Amino acid sequence: MAMTLISVITVNLNNCVGLSRTMDSVLTQVRDDFRVEFIIVDGASTDGSVELAKLRRSEVDHFFSEPDGGVYAAMNKGLNIARGEWAVFMNSGDCFASPGVLSEMMRSKNESSAEPWLIYGDNLGRNGLEPAAPLLRLRAGIIHACHQAMAFRICDLRYEERYRIYSDLDFVIQYYKRYASGAFRYVPMAFSCIEPSGISASFPREKRLEKFRIIYHRLGLNGVIYAMAVSIAMVARAKLARKK
């Protein structure tokens, strides 16, 4: 039987130091009974990233450097050339939390006869472990786990490039709608360690607006009402906690 191929996709733009760290992390992943395809999609960097990737070309299966339409267009480009059964997005500056992450993902995949479509774990942040949230939060427009702590079984689903900030939420909701919650498999361990400077963390107001557009598009008016109710409840709880 052919060994499972995992495509690790790294998107980069002018983050040479972070790219080097991510490449080191991918290189140190233990490969048991699976293979790894490493793809770097660079947006025409000018800070030495291209030279770094060329210097370490033997570690990379596919490398592209050209202008693109943004981070989600670049992630789609990586998906479109990936030959793997599974995809993990580990963008420049982000790392696997330990050398055994991919092995644990594949162990989880094989632990039952019904293969999952999305495997996810926890994130290791600056203040320690950040556990994944209950999957139900997706219906409120809150991504339930760190995107880099997810492995996606590759299919025809793609990032919606018109969403410039929160298309990762839309992508996960697409999997949720098509394959249902039973196709999501949680592994209680840290999978990722990410830079706290992702695009969705930089524009909070725009992110909220885009979130509700996504919910309306994917889940309809009832989804928007539910998401607004959850948001109001979360704000109220936060205010109450500050008063105590």
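Since this is a predicted model, take the numbers as computed values, not measurements. (Residues numbered from 1 in each chain as written. Predicted model: local features only at pLDDT ≥ 70, side-chain atom pairs only at ≥ 80, totals over all residues. Heavy atoms only, no water.)

Draft legend 1. Representation of unusual backbone geometry. A positive phi angle is found at Asn14, which is not glycine, with a value near 55°. Tracing the sequence through the fold places Asn14 in the loop between strand E1 (4-12) and helix H1 (16-27). A positive phi angle, close to 70°, is found at Ala44, a residue other than glycine. Mapped onto the fold, Ala44 is located in the loop between strand E2 (34-42) and helix H2 (49-55). A relative accessible area of 30% means that Ala44 is categorised as partly exposed. (Helix = DSSP H or I, 4+ residues; strand = E, 2+ residues; numbered from the N terminus. Buried < 20%, exposed > 50% of the residue type's maximum accessible area, 1.4 Å probe, protein only.)

Draft legend 2. Looking closely at the pattern of salt bridges. In this structure the tally under the stated criterion is 12 salt bridges. A salt bridge links Arg107 to Glu111, with the shortest nitrogen-to-oxygen separation between them at 3.2 Å. Exposure remark for Glu111: the relative accessible area of 47% places this residue in the partly exposed category. Glu115 is the salt-bridge partner of Arg153, the closest N and O atoms lying 3.8 Å from each other. Taken as a pair, Arg153 in strand E8 (residues 150-153) and Glu115 in the loop between helix H4 (101-109) and strand E6 (118-125) lie far apart in primary sequence, 38 residues in all. Note on Glu115: relative accessible area 31%, which makes it partly exposed. Connected through shared salt-bridge partners, Glu85, Lys109, Glu115 and Arg153 make up one network. (Salt bridge = Lys/Arg side-chain N within 4 Å of Asp/Glu carboxyl O.)

Draft legend 3. Molecular detail of the environment of Val60. Looking at the secondary structure, you find Val60 in the loop between H2 and strand E3 (62-65). According to the relative accessible area criterion, Val60 is buried, its value standing at 7%. Sequence separation between Val60 and Met23 is 37 residues; the distance between their C-alpha atoms is 8.7 Å. If we ignore the near neighbours within four places in the chain, the residues touching Val60 are Met23, Phe38 and Ile40. (Contact = heavy atoms within 4.5 Å.)

Draft legend 4. How the structure looks around the pairing of strand E4 (residues 86-89). Burial of E4 is two-sided: the residues Trp86 and Val88 facing one way and the residues Ala87 and Phe89 facing the other way are all buried. Two strands pair when backbone bridges link them, and E4 and E8 are joined in this way by 2 bridges, in the antiparallel orientation. Among the inter-strand pairings, Ala87 is bridged to a residue of E8, identified as Phe152. (Pairing = 2+ DSSP bridges.)

Draft legend 5. Spotlight on the packing of helix H5 (residues 167-179) against helix H6 (residues 204-243). Where H5 meets H6, the axes come as close as 10 Å, and the angle between the chain directions of the two elements is 20°. Relative to H6, H5 is oriented roughly parallel. The interaxial crossing formed by H5 with H6 has right-handed handedness. Mapping the contact onto sequence places Ser167, Leu169, Asp170, Ile173, Gln174 and Lys177 in H5 and Glu210, Lys211, Ile214, Arg218 and Leu219 in H6. Across the contact of H5 with H6, the residue classes tally to 4 nonpolar, 2 polar and 5 charged. (Axes fitted to C-alpha atoms, helices over the stretch in contact; angles between N-to-C directions. Parallel < 35°, antiparallel > 145°, perpendicular 65-115°, else oblique. Left-handed = near helix turned anticlockwise from the far one by under 90°. Nonpolar A, V, L, I, M, F, W, Y, C, P; charged D, E, K, R; others polar.)

Draft legend 6. Spatial organisation of the pairing of E6. Burial of E6 is extensive: 6 of the 8 residues sit out of reach of the surface. Note that E6 and E8 share 3 bridges and pair antiparallel. Paired with Leu118 across the two strands is Phe152, which belongs to E8. Sheet topology places E6 next to strand E9 (residues 184-193); 5 bridges connect them, and they run parallel. When the sheet's bridge partners are listed, Asn123 is paired in E9 with Ser192.

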